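Each chain, written out:
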Amino acid sequence: MKILGISGSPRRGQNCEKMIGVALELAKERGFDTDIVLLSNEDIAPCKACGACREKDFCVIDDDMGAVYEKMRAADGIIVAAPVYMGNYPAQLKALFDRSVLLRRKDFALKNKVGAALSVGGSRNGGQEKTIQSIHDWMHIHGMIVVGDNAHFGGITWNPAEEDAVGMQTVSETAKKICDVLELIRKNR
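About the criteria used
- Residues numbered from 1 in each chain as written.
- Predicted model: local features only at pLDDT ≥ 70, side-chain atom pairs only at ≥ 80, totals over all residues.
- Heavy atoms only, no water.
- Phe/Tyr/Trp six-rings, centres within 6.5 Å; stacked < 30°, edge-to-face > 60°.
- Buried < 20%, exposed > 50% of the residue type's maximum accessible area, 1.4 Å probe, protein only.
- Helix = DSSP H or I, 4+ residues; strand = E, 2+ residues; numbered from the N terminus.
- Lys NZ or Arg CZ within 6 Å of the ring centre and 35° of its normal.
- Core = buried A, V, L, I, M, F, W, Y, C linked by side-chain atoms within 4.5 Å.
- Axes fitted to C-alpha atoms, helices over the stretch in contact; angles between N-to-C directions.
- Parallel < 35°, antiparallel > 145°, perpendicular 65-115°, else oblique.
- Left-handed = near helix turned anticlockwise from the far one by under 90°.
- Contact = heavy atoms within 4.5 Å.
- Nonpolar A, V, L, I, M, F, W, Y, C, P; charged D, E, K, R; others polar.
- Arc of directions from axis to C-beta.

## With respect to the packing of aromatic side chains
The full count for this structure, using the stated rule, is two aromatic pairs. Ring geometry for Tyr89 and Phe97: centres 5.1 Å apart, planes at 80°, overall edge-to-face. Since its relative accessible area comes to 17%, Tyr89 is described here as buried. Taken together, a centroid distance of 4.1 Å and an interplanar angle of 10° make the contact between Phe97 and Trp138 stacked. Within this pair, whereas Phe97 is found in helix H4 (residues 91-99), its partner Trp138 is found in helix H6 (residues 128-141), the two being separated by 41 residues in sequence. Taken together, Tyr89, Phe97 and Trp138 form an aromatic cluster joined through their ring pairs. In this arrangement the basic side chain of Arg186 is found over the ring face of Phe32, its NZ or CZ atom lying 5.4 Å from the centre.

## Concerning the nonpolar core
Within the largest apolar cluster, 29 residues are counted, with the highest numbers of intra-cluster contacts made by Met72, Ile78, Val80 and Leu96. When residues of this core are traced back to their parent elements, those giving at least two are strand S1 (2-7), helix H3 (65-74), strand S3 (77-83), H4, helix H5 (101-105) and H6. Among the nonpolar cores identified, the runner-up in size contains 25 residues, and Ile20, Leu26, Ala27 and Leu118 belong to it.

## Some details on the packing of helix H1 (residues 15-29) against helix H7 (residues 165-187)
At a minimum axis distance of 9 Å, the contact between H1 and H7 shows a crossing angle of 40°. Put simply, H1 runs oblique to H7. Taken as a pair, H1 and H7 cross one another with a handedness that is right-handed. From H1, Met19, Val22, Ala23, Leu26 and Ala27 reach across to H7, where they touch Met168, Val171, Ser172, Ala175, Lys176 and Cys179. Residue classes in the contact of H1 with H7 are distributed as nine nonpolar, one polar and one charged.

## Overview of the side chain of Gln128
Its location among the elements puts Gln128 in helix H6. Those residues within four positions of Gln128 in sequence are excluded, and the remaining contacts are Val84, Ser119, Val120, Gly121, Ser123, Ile156, Thr157 and Trp158.

## Topic: H3
Along H3, the positions that sit buried rather than exposed are Met65, Val68, Tyr69 and Met72. Down the axis of H3, the smallest arc covering the buried residues is 105°, so these residues share one side.

## Some thoughts on unusual backbone geometry
Asn159 connects to Pro160 through a cis peptide bond whose omega is -5°. The phi angle at Met86 is positive, at roughly 50°, despite the residue not being glycine. Along the chain, Met86 falls in the loop between S3 and H4. Phi at Phe108 takes a positive value of approximately 50°, unusual for a residue other than glycine. Positionally, Phe108 belongs in the loop between H5 and strand S4 (114-121). Judged by its relative accessible area of 34%, Phe108 falls in the partly exposed class.

Shown next as structure tokens:
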């Protein structure tokens, strides 16, 4: 089984990429294949709501989203990490989420995949829960199975994430939970 980590931050090498790295390393240790999408490295334009994906099996916008669609289709689980920008996730992640409508229109391609969210803010209560809720909303729209960190909503850290021991524990617990649920699904197939 494969877990895809998506870093929804435009900032290269920062908190979200570090949190995704920790989560995916834990998944590898548990025997999962992993893949990663770093929005800091991707060129993903916003959706134009042109409706072309209702008729076609691809998006007419020529950018990096085609490869992201394939990674999302191939994953059994998806972990999304986002920084808090003005109370929610950044525009770069919103573009990816909006463009994922193609996967919904094409037989709910993300349905029953397991999803989890991580977020980092400038303070302990810097909007991370709202950001995670918004990521969960996107997952629910796709029919995904949403998990948290076994106690709350998911991985919640504050900047700098790697120095937030309590927060990084929630990142690890979230990664463990997605692995646990995927193992249950595999066992019951």
